[in-house]
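In case you want the letters, here they are:
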Amino acid sequence: MYRMLVVDDEKTERECVRFLIEQSGLPLEVSEAGDGREALRRLKETDGADILFTDVQMPLMDGLELIREAEKLFPDMKILIFSSYADFEYARTALTLGVVNYILKPLIPEKLKKSLEGLIGQLDEEAASRKLKDRQQSFMLQYALQLSISGNFAGSRVEPAVLKQLEQFRCMVLVDFNGDFLENNSFVFYESLRCAMRLDMESLNLSPDQALLLLRTPVENPKEWGMRLLSHIQETFQISCWLAISKPLSGQASLKDACAEVEQQMERRFWEPQVHVFTGQDREDAQDGAENGTDENRQLQQIKRALGNRDGAALQEALDSLFAKYRSRQNQSQIYVKFIFSNLLTTLYPFLNEMDGEKKTLDAMISDLYLQPDISEIVRMVQELASRIIGGFSSGPSIRREILEVIDYIGANYGKELSVERLASIVFLTPDYLSRLFKKSMGKSISQYIRQFRMEKAREFLTGTNRKVIDIGEAVGYPNYSYFCQSFREYFGTSPERYRQERRLGDEPDGAFTGPDLH
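Residues numbered from 1 in each chain as written. Predicted model: local features only at pLDDT ≥ 70, side-chain atom pairs only at ≥ 80, totals over all residues. Heavy atoms only, no water.

Considerations on the environment of Gln264
No. 1: Among the structural elements, Gln264 can be located in helix α9 (residues 255–266).
No. 2: When the C-alpha positions of Gln264 and Ala244 are compared, they lie 8.8 Å apart, and in sequence the two are 20 residues distant. (Helix = DSSP H or I, 4+ residues; strand = E, 2+ residues; numbered from the N terminus.)

This is the structure in structure tokens:
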């Protein structure tokens, strides 16, 4: 339904136009104004109209002056004049103002209907063109988001309008579902968040069970807001999920780090299954009121840096400083000490040498730590673990055997379900530990690796075979055709069909993904 404003100082003329339009059955919602000044006020109050149908000779403000003022405010509005003056100068002036047609009174129903049908046809075409342009820009935005979170944005060709949108995001939310919920429900899920939760956001599918939400408005209280979002999802879709909410974003350059942040937060769900909303403030809140919290945080950062550099001497120095502090303290809070050392255990565990034989899981070690009543014994336990790590820095493969096994399994089973839990069971690790180890070894999360592998396989099939797109989607692990097309478009910036059309069958795709360099 389009909006039309009829302007004439003769009430009978306005009523006649309204009657003829109602009889014509055209999709027009008609309102009236008695002169140009009233019409301009109505246009401003209603944010314009699709069609302005105005007389020329009117008191206070004539039709031509109305058109001049209205076009400044609403340049896309269609304008139609009806007048009893068949003056050439009027018609010529009207045409220079962009008037579509000039109809003489008395109105002939057939001529009026034909003119309005032509205008409605133009409006339909323009609406379809805008919709297509919006969809294309949305696809390009999703593609740019994919490049940003994967760290491949530098050097990419992105339109200024898309880059401007990337700078507008203020918060990132990772949603992890219990099952492949998004495969058949992604559209209704995102629309529910936009409508019911009033979220101004863009969405990105990471996998059938993971979605990334990019919010254009900041989140004031992440924990409280996250609980409301969680409640809405659970009540609306009757499905269990987990949320990880980033700290405030600061433009496109912050997207990659924010994605890594929410992925790291989400890993906590494996050992805190009762918690469903994780935020960047959780750890800081846990340390509120603790003595020397800033100093200990600095020491933990030094330990992480030494581990990343595989610098045994720097690691031992940072650990000795931390251990000495807790050996010498009196009347310490056991809860706080265990909190600090459980974090330290979590940081150290991924670096434990794989040649140590049968070793306890991280969950078992943390459980032993919390059951230990003697703080000096807690220090000894962690120090022993650290010594084994330092001793293994000089030997061992760059990529652990478990990671190689997971990579091989993904390569052989990319068309099947590949959950973190399933992959962890194959190499006898906890999902949390495997996630951390994989991210450290490969520089990307398991879900990112699986998606990349599947998308590159899809590209290989599209350019190297004549298989149907729907069959290719199913072959690479996307049995839902529309979800496969959406994921492919997000990853490559174009649809599978168009990608195939633009490349000659059998050509070697540029930048093909061949898996990790293990040598």
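Read on, since the account is not over.
Considering the nonpolar core
No. 1: Among the nonpolar cores identified, the biggest contains 93 residues, and Ile233, Ile303, Phe341 and Leu344 are the most heavily contacted of them.
No. 2: Apart from the residues within four sequence positions on either side, Ile233 is in contact with Phe177, Phe189, Leu193, Gln238, Ile239, Cys241 and Leu243.
No. 3: Judged by nonpolar contacts, the second largest core, of 25 residues, contains Leu141, Leu214, Leu255 and Met266. (Core = buried A, V, L, I, M, F, W, Y, C linked by side-chain atoms within 4.5 Å. Buried < 20%, exposed > 50% of the residue type's maximum accessible area, 1.4 Å probe, protein only. Contact = heavy atoms within 4.5 Å.)

Structural notes on the sheet that holds strand β6 (residues 171–177)
Backbone-to-backbone hydrogen bonds pair the strands of a sheet. The strands run either parallel or antiparallel.
No. 1: Strand order across the open sheet formed by five strands is β7-β8-β6-β9-β10, with mixed pairing between neighbours. Strand pairing shows two members of the sheet lacking a second neighbour, β7 (201–207) and β10 (277–279), which therefore form its edges. Ignoring which end each strand starts from, the neighbouring axes of this sheet average 20 degrees apart. (Pairing = 2+ DSSP bridges. Axes fitted to C-alpha atoms, helices over the stretch in contact; angles between N-to-C directions.)

Here's the deal with the pattern of salt bridges
Oppositely charged side chains are able to pair whenever their charged atoms sit close together.
No. 1: A complete count under the given rule lists 20 salt bridges for this structure.
No. 2: Between Asp200 and Arg216 there is a salt bridge, and its shortest N-O distance comes to 3.1 Å. Within this pair, whereas Asp200 is found in the loop between α7 (182–195) and β7, its partner Arg216 is found in the loop between β8 (210–215) and α8 (222–237), the two being separated by 16 residues in sequence.
No. 3: Connected via shared salt-bridge partners are Arg14, Arg18 and Glu32. (Salt bridge = Lys/Arg side-chain N within 4 Å of Asp/Glu carboxyl O.)

Considering the packing of helix α13 (residues 334–348) against helix α15 (residues 375–392)
No. 1: At a minimum axis separation of 11 Å, α13 and α15 run at an interaxial angle of 10 degrees. Classified by the interaxial angle, the pair formed by α13 and α15 is roughly parallel. Two secondary-structure elements touch here, α13 through Gln334, Val337, Lys338, Phe341, Leu344, Leu345 and Leu348 and α15 through Ile375, Ile378, Val379, Val382, Leu385, Ala386 and Ile389. (Parallel < 35°, antiparallel > 145°, perpendicular 65-115°, else oblique.)

Brief notes about the confidence of the model for the chain
No. 1: Summary statistics for the chain give a mean pLDDT of 83 and a share of 86% for residues scoring 70 or more.
No. 2: Contacts for the low-pLDDT stretch residues 508–519, under 50 throughout, to residues beyond four places or in other chains number 19 contacts. (pLDDT = per-residue confidence, 0-100.)

Thoughts on helix α16 (residues 401–412)
No. 1: Taking 1.5 Å of rise per residue, the 12 residues of α16 would be expected to cover 16 Å, and the 17 Å separating its terminal C-alpha atoms lies within 8% of that figure.
No. 2: Where α16 is concerned, the buried positions are Glu402, Ile403, Val406, Ile407, Tyr409 and Ile410. Along the long axis of α16, the arc covered by the buried residues comes to 160 degrees, so they all point the same way. The exposed set on the far side of α16, more than 90 degrees from its buried face, consists of Asp408 and Ala412.
No. 3: Buried positions along α16 lie against α17 (420–426), α18 (431–442) and α19 (446–464). (Expected span 1.5 Å × (residues − 1). Arc of directions from axis to C-beta.)

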